[in-house]
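A look at the structure
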Amino acid sequence: YNFVIGRRIVRHAARCIAVTRSELPHFNRYGVSSDRVTVIPNGIDPQAFAAPGDGNFLARIGLGEAPFILFMGRLSLIKGPDLLFRAFAGLGLEFRRHHLVFAGPDDGMLSELRALAAASAIESRVHFVGYLGGGDKSCAYHAAELVAVPSRQEAMSIVVLEAGCAGKPVLITDQCGFEEVVPAGGGWVVPATVEGLRSGLVAILNDQNSLAEHGRMLQRMVLDRFQWATVVNQYLSLYDQVL
């Protein structure tokens, strides 16, 4: 596709849009100079994640009052759920109260993850709940203690925005294209490795008193910069320039 027409479409566009600056090298490889690329981030509707839900989600998966780390997304290699599982499995006994919840559809890794869990000593603390939407999805975010995004590659994680709307802090890898969560105080960025994620989890869970404040700071950043009303105006401005 790229050989026949794809590269021509990109090269001859009046303007290209990247969701983060980390995508600029990809455009450069297509022959597009950085001054022809406008960075406009993904947006979100905070109202979709404003309600904490009625708790039915927690009851269905048998979590009760146990604190848990939430993975939200496709169970695919690029999303890194295996990295997160191995990092969680490597935590010490002092964190044995914590559970790990994988919420998202199977995209090729569910069987492998279930096998890893079955062969481990933590199977009872790992939950695979499948795709979540609507109130259940909002409830999962609000009930989680921490949202983890262990991606091996990501342009810009929508999960970070969703977690921010619910006021939850995030642990993400340096491949998620969202390093600004650190200066904003809303989360932590670690290498996309088992040890990177494990070290991050240990540091975070050893300082649980600060989690709520980090969540509020991420929420503030998301509401200030990533609501659709703000993002759409950036698109309208760009369209005016092009036309």
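Heads up: the structure comes first, above all this text.
As a convention, each chain's residues are numbered from 1 in the sequence order in which they are written. Local features are withheld for residues below a pLDDT of 70 in this predicted model, meaning they are given only at 70 or higher, and side-chain atom pairs are given and counted only at 80 or more; totals for whole chains, interfaces and linings count all residues. Processing note: side-chain calculations cover all non-hydrogen atoms of the structure and skip hydrogens and water entirely.

**Structural notes on a nonpolar patch on the surface**
A patch is a set of surface residues, each over 30% in relative accessible area and not in a salt bridge, joined within 9 Å for like charges and within 5 Å for the nonpolar side chains Val, Leu, Ile, Met, Phe, Trp and Tyr. Method for areas: the Shrake-Rupley scheme with a 1.4 Å probe, in which residue coverage is limited to the protein chains shown. Criterion for a salt bridge: a side-chain nitrogen of Lys or Arg within 4 Å of a carboxyl oxygen of Asp or Glu. The grouping of Y1, F3, V4, I5 and I9 at the surface amounts to a nonpolar patch, some 640 Å² of accessible area in total. Within the fold, I5 resides in helix α1 (residues 2-11). Take I5: its relative accessible area is 35%, and that puts it in the partly exposed class. For helices the rule is a DSSP run of H or I covering at least 4 residues; for strands it is a run of E covering at least 2, with both sets numbered from the N terminus onward. Throughout this description, buried means an accessible area under 20% of the type-specific maximum (1.4 Å probe, protein chains only), exposed means over 50%, and partly exposed covers the range between.

**Structural notes on the side chain of H99**
By the secondary structure assignment, H99 is in strand β4 (residues 99-103). H99 gets classed as buried once you look at its relative accessible area, which sits at 13%. A polar contact is formed between the side chain of H99 and the side chain of H127, at a distance of 2.8 Å. Any N or O atom pair separated by 3.5 Å or less is treated as a polar contact, with the protein-specific requirement of one donor-capable and one acceptor-capable atom, and with residues adjacent in sequence counted only for side-chain atom pairs.

**Describing the packing of helix α4 (residues 81-89) against helix α5 (residues 110-118)**
Direction vectors running N to C along α4 and α5 enclose 10°, while the axes themselves pass 10 Å from each other. One way to sum up the angle between α4 and α5 is to call them roughly parallel. Contacts from P81, D82, F85 and R86 in α4 reach E112, L113, L116 and A117 in α5. In this count, Pro and Cys sit with the nonpolar residues alongside Ala, Val, Leu, Ile, Met, Phe, Trp and Tyr, while Asp, Glu, Lys and Arg are called charged and the others, Gly among them, polar. Tallied by class, the residues present in the contact of α4 with α5 amount to 5 nonpolar, no polar and 3 charged. For helices, the fitted line uses only the C-alpha atoms of the stretch in contact; every axis is such a line through C-alpha atoms, and the angle between N-to-C directions lies from 0 to 180 degrees. When describing relative orientation, an angle under 35 degrees is termed roughly parallel and one over 145 degrees roughly antiparallel, while 65 to 115 degrees is termed roughly perpendicular and anything else oblique. Here a residue-residue contact requires only that any non-hydrogen atoms of the pair lie within 4.5 Å.

**Comments concerning the sheet that holds β4**
Judged by pairing direction, the sheet is parallel, and its 6 strands sit side by side in the order β5-β4-β3-β6-β7-β8 without closing on themselves. Each edge of the sheet is formed by a strand with only one pairing partner; in this case those strands are β5 (126-130) and β8 (187-190). Along the sheet, successive strands turn relative to each other by an average axial angle of 20°, direction set aside. When strand β3 (residues 68-72) meets strand β6 (residues 146-149), the two strands line up parallel, connected through 2 bridges. By the bridge assignment, I69 is partnered in β6 with L146. A pair of strands is treated as paired once DSSP finds two or more bridges between them.

**Regarding the layout of surface pockets**
Residues are said to line a cavity or pocket when one of their atoms sits within 4 Å of a point; the points come from a 1 Å grid over protein atoms alone, cavities being sets where a 1.4 Å probe fits but cannot get out and pockets being open sets with protein on both sides within 12 Å along at least five of seven lines. Grid points are joined across faces, edges and corners, and a volume is the space filled by probe spheres set on the points. In this structure, the largest pocket spans a volume of roughly 190 Å³. Surrounding the largest pocket, S22, E23, H26, Q153, E154, A155, D174, Q175, C176 and G177 form its lining. Of the residues that constitute the lining of the largest pocket, the class distribution is 2 nonpolar, 5 polar and 3 charged.

**Description of the pattern of salt bridges**
Any two side chains of opposite charge can pair if their charged atoms end up close together. Scanning the entire structure with this criterion turns up 7 salt bridges. A salt bridge links K79 to E154, with the nearest nitrogen and oxygen atoms 2.9 Å apart. A residue pair is termed long-range when its members are at least 10 positions apart, and K79 in the loop between β3 and α4 and E154 in the loop between β6 and α7 (158-165) qualify at 75 residues. This pair shows no difference in class: K79 is buried, exactly as E154 is. R225 is paired through a salt bridge with E180; the nearest N and O atoms lie 3.8 Å apart. Residue R225 is located in helix α9 (residues 211-225), and its partner E180 is located in the loop between β7 (170-173) and β8; the two are separated by 45 residues in the primary sequence. Since its relative accessible area comes to 40%, R225 is described here as partly exposed. Judged by its relative accessible area of 26%, E180 is partly exposed.

**Here's the deal with α5**
If you check which residues of α5 are buried, you get L113, L116 and A117. Viewed end-on, α5 has its buried residues packed into an arc of 100°, placing them on one side of the element. Buried-residue contacts for α5 involve α4 and β5. Regarding the arc, it is the one traced by the directions from the helix axis to the C-beta atoms.

**What about the nonpolar core?**
Ranked by internal contacts, the top residues of the largest apolar core, which has 36 residues, are F57, L70, Y141 and F178. Of all the secondary structure elements, the ones that give two or more residues to this core are α3 (56-61), β3, β4, α6 (134-143), β6, α7, β7 and α9. Sorting elements by how many residues they give to this core places α7 first, with 5 residues. What F178 contacts, discounting residues up to four positions off in sequence, is M156, S157, V160, L161, I172, M221 and F226. Put simply, a nonpolar core is a bunch of buried Ala, Val, Leu, Ile, Met, Phe, Trp, Tyr and Cys residues held in one set by side-chain atoms that sit within 4.5 Å of each other. L100, L116, I122 and L197 belong to the second-largest nonpolar core, a separate cluster that totals 28 residues.

**A look at the packing of aromatic side chains**
Stacked, edge-to-face and tilted are the three classes for Phe, Tyr and Trp ring pairs, Trp counted by its six-membered ring, which pair at centre distances within 6.5 Å; planes under 30 degrees apart are stacked, over 60 edge-to-face, the rest tilted. Within this structure, the stated rule accounts for 5 aromatic pairs. Seen from their ring centres, F71 and F102 are 5.4 Å apart, and the 55° between their planes marks the pair as tilted. Taken as a pair, F71 in strand β3 and F102 in strand β4 lie far apart in primary sequence, 31 residues in all. The burial state of F71 is the same as that of F102; both residues are buried. Joined through ring pairs, the aromatic side chains of F71, F102 and F128 make up one cluster. In this analysis the charged atom, NZ for Lys or CZ for Arg, is taken to sit over a ring once it is within 6 Å of the ring centre and within 35 degrees of the ring normal. Between the NZ or CZ atom of R7 and the centre of the ring of Y30, over which it lies, the distance is 4.6 Å.

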